[in-house]
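Listed below, chain by chain, are the residues.
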Amino acid sequence: MKKLLMIDDDACLTESLSIFFHQHQIELIYANDPSHGLDLLETESPALLLLDVMMPKIDGFTLCKKIRATHSLPIIMLTARGRLEDKIQGFEIGVDDYLPKPFEPLELLVRVHALLRRSTDNNTKQFEPTELITFIGLEIVPKQQLVKVDGSEVKLSGMEYHLLYTLATHPGKVFNREQIIGALKGVEIDLFGRSVDILLSRLRQKLHDSPSTPRFVKTIRGIGYTFIGTPL
């Protein structure tokens, strides 16, 4: 049974969703306090995190930044605010999907399955166990979803990793925004043109890759992006 973690100060919601997910063979553990949620994240090793934005003591955006510093598990952000600015901020800090409140539990379940399936596919279907992708200054170990830049490991979110893998396995191919969205999302994942640029910017920062003097990802003005890493 897959295990999820939900951090949300709404006790009624977390309890009802725990019962709902159990009915669908998924264990949902939850914390109504952000600090307790961080403790559960370390002790329970969940496969996916459901994270509320509006919480006392520490808001979801701040908590997400803290989690992303050390964890790459998929994150679905839940919020009563459906503003585009909130979506953009969420994607900027490493959120994989975004669901405004109120929502139907079944829709959340579908999105959870989509992210878990993509995570599983990345670890099994798409990669051979011995596959290693190397360029000057960049090493990708698909079996472990491990990325190193200049010998040091960098922590990527699931979507960041999948984007890098897509580009690095098609060096020289120019991807426009629509092609990137198609490569990264199922119909359940809420991506849009602006979020692609945000995702690329965040990936570049983690790769220490300057847009003006790129080593790995180059912008083709007016068209899209291409991978230009130099093979070893």
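Quantities reported herein were computed from a predicted structural model and do not represent experimental measurements.

Trainee: Residues and numbers for the packing of helix α2 (residues 34-44) against helix α3 (residues 60-68), please.
Mentor: The interhelical angle for the contact between α2 and α3, taken along N-to-C directions, is 25°, at an axis separation of 12 Å. By the angle class used here, α2 and α3 are roughly parallel. In this structure, the crossing between α2 and α3 has a hand that is right-handed. In this structure, α2 contributes P34, L38 and L41 to the contact, and α3 contributes L63, K66 and I67.

Trainee: Which residues make up the pattern of salt bridges, and what values go with them?
Mentor: Pairing between side chains becomes possible if they bear opposite charge and their charged atoms approach one another. Scanning the entire structure with this criterion turns up 12 salt bridges. We note a salt bridge from R202 to E160, for which the minimum N-O separation is 2.1 Å. Within this pair, whereas R202 is found in helix α8 (residues 193-207), its partner E160 is found in helix α6 (residues 158-168), the two being separated by 42 residues in sequence. Exposure remark for R202: the relative accessible area of 6% places this residue in the buried category.

Trainee: Any chance you could break down the packing of aromatic side chains for me, citing the residues and the numbers?
Mentor: Evaluated as defined, the whole model comprises 4 aromatic pairs. On the numbers, 6.4 Å between centres and 15° between planes, the contact of F216 with F227 is stacked. On the criterion of sequence distance, the pair formed by F216 in the loop between α8 and β11 (217-220) and F227 in strand β12 (residues 224-227) is long-range, its members being 11 residues apart. Residue F216 shares its accessibility class with F227, and that shared class is buried. Through a chain of ring-to-ring contacts, three or more aromatic side chains come together here, namely F135, F216 and F227.

Trainee: Just give me the short version of the nonpolar core, but keep the residues and values in it.
Mentor: Membership of the largest hydrophobic core comes to 28 residues, with the highest contact counts inside it found for L138, V147, L164 and F227. Every element with two or more residues in this core is listed here: β6 (133-135), β7 (138-141), β8 (146-149), α6, α7 (177-184), α8 and β12. The element contributing the most residues to this core is α6, with 7 residues. With 20 residues, the next largest nonpolar core counts L49, V53, I67 and L73 among its residues.

Trainee: How would you summarise the sheet that holds strand β2 (residues 26-31) if you had to cite specific residues and measurements?
Mentor: Sheet strands line up and pair through hydrogen bonds in the backbone, either parallel or antiparallel. Pairing is parallel across the open sheet formed by 5 strands, whose spatial order is β2-β1-β3-β4-β5. The sheet is open, and its two edges are formed by β2 and β5 (97-100), each paired on a single side. Between one strand and the next, the sheet's axes are offset by a mean angle of 20°, whatever the strand orientation. With respect to the sheet, helix α1 (residues 11-23) is in contact with β1 (2-7), β2 and β3 (48-52), its orientation differing from that of β2 by roughly 165°. Set on the sheet, α3 makes contact with β1, β3 and β4 (75-79); between it and β4 the angle comes to about 170°.

Trainee: Help me get a handle on the pairing of β3, residues and values and all.
Mentor: A large share of β3 lies buried, amounting to 5 of its 5 residues. The alternating pattern of β3 places L48, L50 and D52 and L49 and L51 on opposite faces, both of which are buried. The pairing of β1 with β3 spans 4 bridges and is classified as parallel. Across the sheet, M6 pairs through a bridge with L50, a residue of β3.

Definitions and limits used
- Residues numbered from 1 in each chain as written.
- Predicted model: local features only at pLDDT ≥ 70, side-chain atom pairs only at ≥ 80, totals over all residues.
- Heavy atoms only, no water.
- Axes fitted to C-alpha atoms, helices over the stretch in contact; angles between N-to-C directions.
- Helix = DSSP H or I, 4+ residues; strand = E, 2+ residues; numbered from the N terminus.
- Parallel < 35°, antiparallel > 145°, perpendicular 65-115°, else oblique.
- Left-handed = near helix turned anticlockwise from the far one by under 90°.
- Contact = heavy atoms within 4.5 Å.
- Salt bridge = Lys/Arg side-chain N within 4 Å of Asp/Glu carboxyl O.
- Buried < 20%, exposed > 50% of the residue type's maximum accessible area, 1.4 Å probe, protein only.
- Phe/Tyr/Trp six-rings, centres within 6.5 Å; stacked < 30°, edge-to-face > 60°.
- Core = buried A, V, L, I, M, F, W, Y, C linked by side-chain atoms within 4.5 Å.
- Pairing = 2+ DSSP bridges.

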